[in-house]
Amino acid sequence: MPFRELTDDELSALVQLDVGGEIDSLATTTLGLKEYSAQSDANLDAAYDALVEKTLAQGPAVAALHQKVKDTAAALETVGKALEGFSDLGVVVNRIQTVGDDVIEIQTKVANRKAIDDKLGGLLQRAIIPPEAIKALMRAETVNDKFVLNLRYVSKSSRLLRELGPRHPITLELLPTIHTITLLVSQKTRAFLLEKIAQLSKPKTNIAILQQNVLLKFKSVMTFLLLNNPAVAQEVKDTYVQSLSGIFHRKTKLFLAKLVRLEKPFLTAKDLVTTTRPNDRNNDPGYHFSTRGRDNIIANWTAPIVIPHVDEEKGRSHSFESLFRSMHLLLMDVIASEFMFTFEFFSDKTLYLPIFQKVVTLYSETMQTLVPSVHDHISLAFCIKLTTLIKHTMNHRRIPCLTGYCESLLVLLWTQLSAVVKANLTALSQLQRLPDKIVGPAVQPVTCKFAEFVGVLHSTLVSEVDGADPVSEHGDRLKFMEAQLTALTLEMYRVLLTFKGSERQSQLFLAANLAHVHAAWLSYDLNRSAEYVAKIESWLAQAKSALVQLLVDYYLPNFVEVITCAESKLRTIDEGAKMEASLESDLDAGDEGGLVQPDSSEHEKRRAVIDENAVLQCAEQFGQSWESRVPLACKEVVHGTDPMLATDLTSRFVMQVAIYSERLKKIISRCWLNPPCRKSMVPNRALLSMIQLVLEREGIQYTAD
């Protein structure tokens, strides 16, 4: 009955059909039969081994007796022939005619000896190799289960003779028979194996199923050839290698060609940190330079591979690292599978190497074509990580055939990654001025892309993978890459310094951009020991300090100058007073000591050396204007930076003002017993509360540390 396509109703009925119990029962029964079959084979082998052991005990005596019978029969046959010659002489007297009777008797003895010879000769053969097994092997038209079962007797006999040695009586007795059977069996097994190997090349053949269900089923046939006919075994090996090498090469070439068509590059050669995409997602120029979840490919690198024809039909596209993973995961699995099969079937740990020589060469040529066209630093970094995983995994499986390929691939990937970094470094060095566009408060697109670019490379390349230390794995390459990233960071800092604006605006711009880079790098958990990370942190600290000082100078003019000038003059008086007190102490040595009371005119002396009016005026102006000027400075900071940096800078600015206010209070307390500007003194608590007040007005949540 021809097959037909099932209807939807029939398919639904089949789906709903509950056959779980039947399947479980069938599986249990099948497993029981297999166990029973294995136990039966073991019992037969044990019985056969016991019979052979008994035969070996009497074998030498039987073989010696057989040899004596042979020698006796040969001697009698020689005498008989000689006497036959005499009996034919017509001239011999009647007495000699009695020789004829002797000839007949001798011929009878020879015939008897030959009969004994045949029986003794077959005795050992029948004991070692059952006659039914020999007949079955001779009559078998092809290799099947029965053939394999009978072949075991021949295999064991051959092994037995090898163990006994070439001069043993049993070996001398059975070797000719075993040799004849071996030649016949070798011809049949050769034809069978070559036929099955030829089937591997047929279209739509599942190689793995044919290997597991057919070839491994007749593994003992190949083992017999390996032990008893190495020449035929080598021919089968060579044919298998030649066939599989061609099959894998053709299929791999087709797979790689289809897979490459699914690539959708995220970045091209024109996408640099200095260029802006018109379609940047959510107006974020750093979007295409960040991982955006693409780093999951490392954690899930053993996930199912991309199936080209399925994704092509559904219109799916993939990043280069996704295709790279699928290419090499398939290569790893196929090599591992073939290694296990060839080792089990051919008992050869190196036979898989020539099979995949063409395939590995094809992969190498493909990578040499594809990698130089990849300008996505994320893809290249992930591919370096994946290559390291591949090499370690294959070495862990003790199949190190891809070690050389992985090393050459790493060189190719690192070279291309260095070229991408160099291209961005060149673009930054050629940037004379910053574009007018900003992203958020004072942050430039080039800053966003630079932060993501370096952050991705650092976090990806220096992170451990599969227990491998990246420093020991890529030591010199990592040092070279860090040097390139340091040069890129220095060039980025130079670009930020080209901002055109007032000194205060420039420092605010610099701090905002450096803070964005620093925050992005913290999200990637960058190692702060890296030179470029340390430089960013140092430049950011300098920019913050400089900006705070500029804000104080701008919003509180002459405030710092009056305070520092008064402190300098008071310091001079204090040093002179200390010297004078030291001289008086030397002159009055030996007198009764005591505390020296300060002169009541000490305050007047101090007021005389400072600009009294300037200090009092500074205190009055600060007391009258701080409530308006401090919030203005904080507001400028808040509007020019992101909330996190705004909170930091506002706190730093107000704290700095509070410090100067405290220094001013100290100057006044040293110069006046009753300061005329006591009411103008600003409490530090009031100043510090200004931080929270200003930030909350701008919608920024503040939590005091």
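Our subject in this report is the structure included herewith. Fair warning: this is a prediction, and the values are worked out from it, not measured in the lab.

### Thoughts on the nonpolar core
Among the nonpolar cores identified, the biggest contains 173 residues, and L402 and W521 are the most heavily contacted of them. Among the elements that make up this core, the one with the highest residue count is helix α12 (residues 320-346) (13 residues). Excluding residues that lie within four positions of it along the chain, W521 makes contacts with F450, A451, V454, G455, T489, L526, Y532, V533 and I536.

### Let's talk about the pattern of salt bridges
Once the charged atoms of two side chains with opposite charge are near each other, the side chains can pair. Applying the stated criterion across every chain, the model contains 16 salt bridges. Two residues, E473 and K391, come together in a salt bridge whose shortest N-O distance is 2.7 Å. Of the two residues, E473 sits in helix α18 (residues 470-473) while K391 sits in helix α15 (residues 377-396), which places them 82 residues apart along the sequence. For K391, a relative accessible area of 9% gives the class buried. Salt bridges here are not isolated pairs; linked through shared partners, they connect R294, E321 and D376.

### Some thoughts on the packing of helix α19 (residues 475-496) against helix α20 (residues 503-523)
The geometry of α19 relative to α20 is characterised by a closest axis approach of 10 Å and an angle of 150° between their N-to-C directions. By the criterion of interaxial angle, the relationship of α19 to α20 is roughly antiparallel. Residues T489, Y493 and L496 of α19 touch α20, and the partners they reach there are F509, L510, N513, L514 and W521. For the contact of α19 with α20, the per-class residue count stands at six nonpolar, two polar and no charged.

### Focus on the layout of surface pockets
Counted as a void, the largest pocket has a volume near 620 Å³. Around the largest pocket, the lining is made up of 23 residues, and of these K251, T252, F255, L330 and V334 lie nearest the centre. Among the secondary structure elements, those contributing two or more residues to the lining of the largest pocket are α7 (207-215), α9 (230-260), α11 (308-313), α12 and α14 (357-370). Looking at side-chain class alone, the lining of the largest pocket contains 14 nonpolar, six polar and three charged residues.

Conventions and cut-offs
Residues numbered from 1 in each chain as written. Predicted model: local features only at pLDDT ≥ 70, side-chain atom pairs only at ≥ 80, totals over all residues. Heavy atoms only, no water. Core = buried A, V, L, I, M, F, W, Y, C linked by side-chain atoms within 4.5 Å. Buried < 20%, exposed > 50% of the residue type's maximum accessible area, 1.4 Å probe, protein only. Helix = DSSP H or I, 4+ residues; strand = E, 2+ residues; numbered from the N terminus. Contact = heavy atoms within 4.5 Å. Salt bridge = Lys/Arg side-chain N within 4 Å of Asp/Glu carboxyl O. Axes fitted to C-alpha atoms, helices over the stretch in contact; angles between N-to-C directions. Parallel < 35°, antiparallel > 145°, perpendicular 65-115°, else oblique. Nonpolar A, V, L, I, M, F, W, Y, C, P; charged D, E, K, R; others polar. 1 Å grid on protein atoms, 1.4 Å probe; cavity = no way out; pocket = protein on both sides within 12 Å on 5 of 7 lines; lining within 4 Å. Points joined across faces, edges and corners; volume = space filled by probe spheres on them.

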